[in-house]
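Fold and contact review
Below are the chains, spelled out letter by letter.
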Amino acid sequence: MPGSLDGKVALVTGATRGAGRGTAVALGEAGATVYCTGRTTREHRSDYDRPETIEETAELVDGAGGRGIAVAVDHLQPDRVRALVERIDEEQGRLDVLVNDVWGGEKLAEWNTPIWEHDLDGGLRMLRLAIDTHLITSHFALPLLIRRPGGLLVEMTDGTLEYNAGNYRLSTFYDLAKTAVLRLAFAQGHELAPHGCTAVALTPGWMRSEMMLEIYGVTEDTWREAKVGSPHFVAISETPRFVGRAVAALASDPDVQRRNGGSFSSGGLAREYGFTDLDGSQPDCWRYLVEVQDPGLPPDPEGYR
């Protein structure tokens, strides 16, 4: 979709790595100007303690054909978010796409641990990172988004509405965090509709983020050789760019308002819009989970990529 978002302005929060970085670069591929926010810069690492930086993300946006602008922001600090939006307004006078992608809870989650055994401070911090950051950002950014009809808000989460409604998501805190974001998209969709704008919830599949590649002991060039962890990783995983291209497809769709308040996946939207992952495939992770992984069948990507 080169050029489909020329002249458009996007804000991608949590753009330092993972789905946020993939989304920022995909919007750049389509020609957008993308403000890339996060807490880790070349001068300062956040408590997440990862090497990726927002400056690197902005440079990747530039290299993809867009314009990347890195801004260090902690989205739990309202004054910082207010200043960010004021800057976007002053420099661009518009905001066409807002992607609420802040997460940062992987190191706080205690998988398959009941609530009474889970670290309470860590669980509550996870909820603040997953929910409060999105609410704070929407509070300040949506008044700029609704100035023009056609604006798009994407709430990035883990799991579709259908899947999360029927499946326990690894811990009470994590389950609540990811399900709440689905509801945020639904609720904000009602508030945006009178302004001709749209809110959706979007989930990637099994994403080959920087952290996931490290856990499996592989790189993006060698991921098919992974020998540890779930064998389904090789069968169905996707790059962060795949869900980013889903965002770009939604933002380029002149009839996107028909999706207002809905829940979507990268694989499902790929079938509808025709975009692919970097290797030309269209991994459909959530259908694979239901039909192959969850029933305990052997890994088999046939018909799912």
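A brief report on the enclosed structure follows. Bear in mind that the values here come from a model prediction, so they are computed numbers and not experimental data. (Residues numbered from 1 in each chain as written. Predicted model: local features only at pLDDT ≥ 70, side-chain atom pairs only at ≥ 80, totals over all residues. Heavy atoms only, no water.)

Some words on the packing of aromatic side chains
Our working rule: Here a Phe, Tyr or Trp ring, Trp counted by its six-membered ring, pairs with any other such ring whose centre lies within 6.5 Å, and the pair is stacked when the planes are under 30 degrees apart, edge-to-face when over 60, and tilted otherwise. Put simply, DSSP marks the helices as runs of H or I at least four residues long and the strands as runs of E at least two long, and each gets a number from the N terminus on. Partly exposed describes any residue whose relative accessible area lies between the buried limit of under 20% and the exposed limit of over 50%, with all areas from a 1.4 Å probe on protein chains only and scaled to the type maximum. Two thresholds decide whether a charge sits over a ring: the Lys NZ or Arg CZ must be within 6 Å of the ring centre and within 35 degrees of the ring normal.
In the structure shown here, the tally under the stated rule is 9 aromatic pairs. With a centroid separation of 5.6 Å and 75 degrees between ring planes, the pair formed by Trp103 and Tyr174 is classed as edge-to-face. Taken together, the residues Trp103 in the loop between strand E4 (97–100) and helix H4 (120–145) and Tyr174 in helix H6 (residues 172–192) connect sequence positions 71 residues apart. The class of Tyr174 is buried, set by a relative accessible area of 7%. Aromatic pair Trp206 and Phe233: ring centres 6.0 Å apart, planes at 75 degrees, arrangement edge-to-face. Pair noted here: Trp206 is in the loop between strand E6 (198–203) and helix H7 (210–215) and Phe233 is in helix H8 (residues 232–236), with a separation of 27 residues, a long-range link. Across the pair, Phe233 and Trp206 agree in class, each one buried. Through a chain of ring-to-ring contacts, three or more aromatic side chains come together here, namely Trp206, Tyr216, Trp223 and Phe233. A cation over a ring is seen here: Lys107 above Tyr48, with NZ or CZ 5.2 Å from the ring centre.

Observations concerning the side chain of Arg208
What counts here: N or O atoms closer than or at 3.5 Å make up a polar contact, with two conditions inside protein: a donor-capable atom paired with an acceptor-capable one, and, for residues adjacent in sequence, both atoms drawn from side chains. Contact definition: two residues touch when any of their heavy atoms are within 4.5 Å.
Tracing the backbone through its elements, the reader meets Arg208 in the loop between E6 and H7. There is a polar contact of 2.8 Å between the side chain of Arg208 and the side chain of Glu220. Reaching out from Arg208, the side chain makes a polar contact with the side chain of Ser237 at a distance of 3.0 Å. Among residues more than four places away in sequence, those in contact with Arg208 are Leu213, Glu220, Trp223, Phe233, Ser237, Glu238, Thr239 and Pro240.

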